[in-house]
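The residues making up each chain are set out below.
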Amino acid sequence: MLKKVFFGFLGLLAVAQFIRPSITNPAVNASLDFQQVSGAPSDVMQIMKTACYDCHSFETRYPWYSKVAPVSWWVANHINEGREHVNFSEFGKLNAEDRSEVFEESAETLQEGEMPLSSYTWFGMHPEAKLSDSDRNKLIAWFNAQSGEGGGEERDDK
């Protein structure tokens, strides 16, 4: 019985390999990219390229396991959701208000420890994406300065 279950599982896994998600990187228009549009300093960009761009741009580096189902489905879903939320490759398409919102939201999600996703840095698969406290604080301060938050101080919008 156990042997049948095992071979049945292997059969399903083999069939799953034929159901492939789209894992592509559309062409990047440099004039729309965050790096070009935001004027971010090189140290901020280096952190972002390492920790953010894999899921939030068209510059995703797909690891070998992103081609093996069912992990490929999970990876593709994360990247699609990341790009849907904010795509740094298309940052130049946003108006000033939306850009400010991206800066504010980015600072907030970093401050709350929501990014990078813990599932992205699990098992040492992407250790380079783990942010040191110094790198996290540098990004938060820069994003807050761009959004008008003034280095993390609360605004009085009342």
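Note that this is a predicted model, so its numbers are computed, not measured.

Rules used in this analysis
Each residue is numbered by its place in its chain's sequence as written, counting from 1. Local features in this predicted model are restricted to residues of pLDDT 70 or higher, and side-chain atom pairs are both shown and tallied only at a pLDDT of 80 or more, whereas totals for entire chains, interfaces and linings draw on every residue. Only hydrogens and water are set aside when side-chain values are computed; all heavy atoms of the structure are taken into account. Only residues whose relative accessible area exceeds 30% and that form no salt bridge enter a patch; like-charged residues are grouped when within 9 Å of one another, and nonpolar side chains (Val, Leu, Ile, Met, Phe, Trp, Tyr) when within 5 Å. Working definition of accessibility: Shrake-Rupley area with a 1.4 Å probe, residue cover restricted to the visible protein chains. Salt bridges are counted wherever a side-chain nitrogen of Lys or Arg sits within 4 Å of a carboxyl oxygen of Asp or Glu. Numbering of helices and strands runs from the N terminus, with a helix taken as a DSSP run of H or I at least four residues long and a strand as a DSSP run of E at least two residues long. Type-normalised accessible area, obtained with a 1.4 Å probe on protein chains alone, sets the label of each residue: buried when under 20%, exposed when over 50%, and partly exposed for intermediate values. Contacts: residue pairs with any heavy atoms within 4.5 Å of one another. Residue types Ala, Val, Leu, Ile, Met, Phe, Trp, Tyr and Cys, when buried and joined through side-chain atoms within 4.5 Å, form a set referred to as a nonpolar core. Fitting a line to C-alpha atoms yields each axis, with helices limited to the stretch in contact; the angle taken between N-to-C directions then spans 0 to 180 degrees. Left-handed describes a crossing whose near helix is turned anticlockwise from the far helix through less than a right angle; right-handed describes the clockwise counterpart. Residue classes follow a fixed rule: Ala, Val, Leu, Ile, Met, Phe, Trp, Tyr, Cys and Pro count as nonpolar, while Asp, Glu, Lys and Arg count as charged, and any other residue, Gly among them, counts as polar. For every residue, the predictor assigns a confidence score, pLDDT, that lies between 0 and 100. To estimate how far a helix should extend, the number of its residues minus one is multiplied by 1.5 Å.

Nonpolar side chains collect at one region of the surface, where Phe6, Phe7, Phe9 and Leu10 lie side by side and expose about 430 Å² of accessible area between them. Inspection of the secondary structure puts leucine 10 in helix H1 (residues 2-16).

For the rest of this paragraph, the subject is the pattern of salt bridges. By the definition in use, this model includes four salt bridges. A salt bridge links lysine 138 to aspartate 43; the shortest N-O distance between them is 3.2 Å. Of the two residues, lysine 138 sits in helix H7 (residues 133-147) while aspartate 43 sits in helix H3 (residues 42-51), which places them 95 residues apart along the sequence. Residue classification places lysine 138 among the partly exposed positions, given a relative accessible area of 32%. Among the salt bridges present, the one from glutamate 90 reaches lysine 93, with a minimum N-O distance of 3.3 Å. When its relative accessible area of 28% is taken as the criterion, glutamate 90 is described as partly exposed.

Secondary-structure assignment places alanine 51 in helix H3. For alanine 51 and histidine 126, which are 75 residues apart along the polypeptide, the C-alpha to C-alpha distance reads 8.8 Å. Sequence-distant contacts of alanine 51, defined by excluding residues within four places in its chain, comprise Pro116, Ala129 and Leu131.

Quick look at the nonpolar core now. Phe34, Met48, Phe88, Leu139, Trp142 and Phe143 are the most contacted members of the largest nonpolar core, which totals 21 residues. Elements represented by at least two residues in this core include exactly H3, helix H5 (96-111) and H7. Ranked by residue count, the leading element in this core is H3, at five residues. In this structure, Cys55, Tyr62, Val75 and Ile79 belong to the second largest nonpolar core, which totals five residues.

Another point: the packing of H3 against H7. For the pair H3 and H7, the least separation of the axes is 10 Å and the interaxial angle reads 115°. For the crossing formed where H3 meets H7, the hand is left-handed. Each of Asp43, Val44, Ile47 and Met48 in H3 lies in contact with H7, whose residues at this interface are Asp135, Lys138, Leu139, Trp142 and Phe143. The class makeup of the residues in the contact of H3 with H7 is six nonpolar, no polar and three charged.

On to the confidence of the model for the chain, then. Mean pLDDT for the chain: 82, with 85% of residues reaching 70 or above. Considering only residues more than four positions removed or in separate chains, one finds that residues 151-158, a stretch of pLDDT under 50, has seven contacts.

Right, let's talk about H7 for a bit. Taking 1.5 Å of rise per residue, the 15 residues of H7 would be expected to cover 21 Å, and the 21 Å separating its terminal C-alpha atoms lies within 8% of that figure. Listed in full, the buried residues belonging to H7 are Arg136, Leu139, Ile140, Trp142, Phe143, Asn144 and Ser147. Of the surrounding secondary structure, the elements contacted by the buried residues of H7 are helix H2 (34-38), H3 and H5. Within two residues after H7, glycine 148 carries a phi angle of roughly 90°, on the positive side.

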